[in-house]
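Remarks on the overall topology
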Amino acid sequence: MQIDIKSYLEDNHLTIYVISKKSGYGYTTLHKSFNKKQSSATSLNLRDIEAIAKAQDTEMWRVLRELELHYLR
């Protein structure tokens, strides 16, 4: 299962810079995570979901639900 995180970010008008600034996580850490090729061994991690949720002032479960419903490949 792979998540199309770049489409999610675009659709929600988010950039890695904005997520980094609002979440408190480092830009380089998030940039590496969001731009890596996903495999079954390297999925999106909870830190990434938390960072996205913080940037949108929402709960992690809402982000997870949105990703699951609309951004799985």
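The structure under discussion appears in the preceding block.
Model, not experiment: these values are computed from the prediction. (Residues numbered from 1 in each chain as written. Predicted model: local features only at pLDDT ≥ 70, side-chain atom pairs only at ≥ 80, totals over all residues. Heavy atoms only, no water.)

**Details of the overall build of the protein chain**
The cut-off we apply is this: Segments assigned H or I by DSSP are reported as helices when at least four residues long, segments assigned E as strands when at least two residues long, and all are numbered from the N terminus. Burial classes: relative accessible area under 20% of the type maximum marks a residue as buried, over 50% as exposed, and values in between as partly exposed (1.4 Å probe, protein chains only). By the convention used here, residues are in contact when the closest approach between their heavy atoms is within 4.5 Å. Each accessible area is a Shrake-Rupley estimate made with a 1.4 Å probe; only the visible protein chains count as cover when residues are assessed.
Of the regular secondary structure elements, the protein chain holds five helices and zero strands. For the protein chain, the α and β elements follow one another from N to C terminus as α-α-α-α-α. Principal-axis analysis of the C-alpha atoms places the extent of the protein chain at approximately 30 × 25 × 20 Å. The buried share of the protein chain, taken over its 73 residues, is 32%. Look at the contacts in the protein chain between residues 6 or more apart in sequence, and 53% of them connect residues 24 or more apart. Only carbon and sulfur atoms are counted for the fraction: they give 51% of the accessible area of the protein chain, which is about 4900 Å².

**Some remarks on the side chain of Asp48**
What counts is decided by this rule: The term polar contact refers here to a pair of N or O atoms within 3.5 Å; inside protein, the definition further demands a hydrogen-donor-capable atom paired with an acceptor-capable atom, and it admits residues adjacent in sequence only when both atoms are side-chain atoms.
In this structure, Asp48 sits in helix H4 (residues 46–55). A polar contact of 2.4 Å, which involves the side chain of Asp48, links it to the side chain of Ser33. Apart from residues no more than four positions distant in its own chain, Asp48 is found in contact with Leu30, Ser33 and Phe34.

**Here's the deal with the pattern of salt bridges**
Condition: The term salt bridge refers to a side-chain nitrogen of Lys or Arg lying within 4 Å of a carboxyl oxygen of Asp or Glu.
Using the criterion set out here, one finds four salt bridges in the structure. Note that Asp48 is salt-bridged to Arg47, the shortest N-O span being 3.0 Å. With a relative accessible area of 0%, Asp48 lands in the buried category. In this structure, Glu59 engages Arg62 in a salt bridge whose closest nitrogen and oxygen atoms are separated by 2.6 Å. A relative accessible area of 38% places Glu59 in the partly exposed class. Residue class for Arg62 comes out partly exposed when judged on its relative accessible area of 38%.

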